[in-house]
Amino acid sequence: MADGKKQLVQHQAKALDDDVKIGGTSTIFTTDATNKPLYDLCNSPVFQRGTSFKNLYSSSFGSMVAAGNSLRGKVRQLCSIFEAPKTSIGSPDSLSPSKSSKHLLTAADSSAFSPKSIIFKPPETLFRLPGTEDRVVVYFTSLRGIRKTFQDCQSIRMIFRGLRVNLDERDISMDIGYRKELQRVLGETKISLPQVFIKGKYIGGADVIRQLHENDEIARLIKGLPLMPLKPCEACNDIRFIPCTNCDGSRKVYDEDEEQPKRCTECNENGLVRCPLCCL
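Residues numbered from 1 in each chain as written. Predicted model: local features only at pLDDT ≥ 70, side-chain atom pairs only at ≥ 80, totals over all residues. Heavy atoms only, no water.

Student: Hey, could you run me through the packing of helix H7 (residues 147–162) against helix H9 (residues 206–214) in this one?
Tutor: For any two helices packed against each other, the geometry comes down to the angle between their axes and how far apart the axes lie. At a closest axis distance of 10 Å, the pairing of H7 and H9 adopts a crossing angle of 35°. At the point where H7 passes H9, the crossing takes the left-handed sense. Contacts between H7 and H9 involve Asp152, Ser155, Ile156, Ile159 and Phe160 from the first element and Ala206, Ile209, Arg210 and His213 from the second. For the contact of H7 with H9, the per-class residue count stands at five nonpolar, two polar and two charged. (Axes fitted to C-alpha atoms, helices over the stretch in contact; angles between N-to-C directions. Helix = DSSP H or I, 4+ residues; strand = E, 2+ residues; numbered from the N terminus. Left-handed = near helix turned anticlockwise from the far one by under 90°. Contact = heavy atoms within 4.5 Å. Nonpolar A, V, L, I, M, F, W, Y, C, P; charged D, E, K, R; others polar.)

Student: Which parts of the structure should I look at to understand the confidence of the model for the protein chain?
Tutor: Reading fine detail from the predicted coordinates is not recommended where pLDDT is low. Across the protein chain, the average pLDDT comes to 73, with 55% of residues at or above 70. When the criterion is pLDDT under 50, residues 19–34 qualifies, and its contacts beyond four places in sequence or with other chains add up to five contacts. Throughout residues 86–118 the model reports pLDDT below 50, and contacts reaching past four residues in sequence, or to other chains, amount to 12 contacts. (pLDDT = per-residue confidence, 0-100.)

Student: Honestly, the packing of aromatic side chains in this entry has me stumped. Any pointers?
Tutor: The geometry of an aromatic ring pair comes down to the distance between the two centres and the angle between the two planes. The final tally for this structure, using the stated rule, is four aromatic pairs. Centroid distance Phe127 to Tyr202: 5.7 Å. Interplanar angle 85°. Geometry classified as edge-to-face. With a gap of 75 residues between them, Phe127 in the loop between helix H6 (107–111) and strand S3 (136–140) and Tyr202 in strand S6 (residues 201–204) connect regions that are remote in the sequence. Judged by its relative accessible area of 29%, Phe127 is partly exposed. When the centroid spacing of 5.3 Å and the interplanar angle of 55° are considered together, the rings of Phe197 and Tyr202 count as tilted. Neither Phe197 nor Tyr202 differs from the other in exposure class; each is buried. (Phe/Tyr/Trp six-rings, centres within 6.5 Å; stacked < 30°, edge-to-face > 60°. Buried < 20%, exposed > 50% of the residue type's maximum accessible area, 1.4 Å probe, protein only.)

Student: In this structure, what is going on with the sheet that holds strand S5 (residues 195–198)? I would like to understand it.
Tutor: Within a sheet, neighbouring strands are paired by backbone hydrogen bonds and run either parallel or antiparallel to one another. Pairing within the open sheet is mixed, and its four strands lie in the order S4-S3-S5-S6. Single-partner strands in this sheet number two, and they are strand S4 (167–171) and S6. If you compare each strand with its neighbour and ignore which way they point, the axes differ by 25° on average. Examined bridge by bridge, S3 and S4 share five bridges and lie parallel to one another. Opposite Val138, over in S4, you have Glu169 as the bridge partner. Relative to S5, helix H8 (residues 176–186) is tilted by about 70°, and along the sheet it contacts S3, S4, S5 and S6. Set on the sheet, H9 makes contact with S5 and S6; between it and S6 the angle comes to about 90°. (Pairing = 2+ DSSP bridges.)

Student: How should the nonpolar core be read in this particular structure?
Tutor: In summary, soluble globular proteins display a tendency toward joint burial of nonpolar side chains. Counting residues in each nonpolar core, the largest one holds 32 residues, and the members touching the most others are Val136, Tyr139, Phe160, Phe197 and Ile198. Those residues in contact with Phe160, other than ones at most four positions away along the chain, are Val136, Val138, Val165, Leu167, Val196, Ile198, Ile209 and Ile218. Among the nonpolar cores identified, the runner-up in size contains nine residues, and Cys233, Cys236, Ile242 and Cys264 belong to it. (Core = buried A, V, L, I, M, F, W, Y, C linked by side-chain atoms within 4.5 Å.)

Printed below as a string of structure tokens:
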């Protein structure tokens, strides 16, 4: 047993002195190579690569600083394109806007031109609706054929209903007389809806009313008008129309003299008449 251990130690010591064979090729590491510094090993051809990071850091510190300065210069040139030139407070250029640069309004300057500071005045035109000086008249349609037109009509109606002003809603789809009346007042045949009259004066369509409502000008225009009742009309429930009491909505009456039915002259094309309570 002692002889076996002695032979094993001798074999290990011999292996350190012999060559180490790797993959069938003998690679000799002498004792001189182990005494060399570590950076000398990096300079050996085995560790050299064309795309190594060593080439990146091979430049001197001065060249790296120069590269950084050139990069800063490029960044400053790019920033100068998008930034306005800075002027001192006491210089004359700071008091007057530059001729080459555009003058941009600040928040303080734009407040002077805000829509709220502009007082709306109804245009003095011939578009007047006589007999409606004590109310707001809205010409609209309740048909849903064109979605945008229907939504505009509903939104304008809700605005004035929210203000609880005396409102006269005239649905042109319920009575063709309203359409002819609006065409006669405005002098046009093709008219977009809705159209609004306040105190007998023509104001405009949906876009104008929304703008006036956002700028709090509607409250000034309707000032002095009576308020609408809190409860709906007992006769028509604020629909503004009721069935004709003469023909019961059939649009026909029997003529006893001629012994044949005739067209009812009291109702419109839908067999309806205006509510006698709320449409005076």
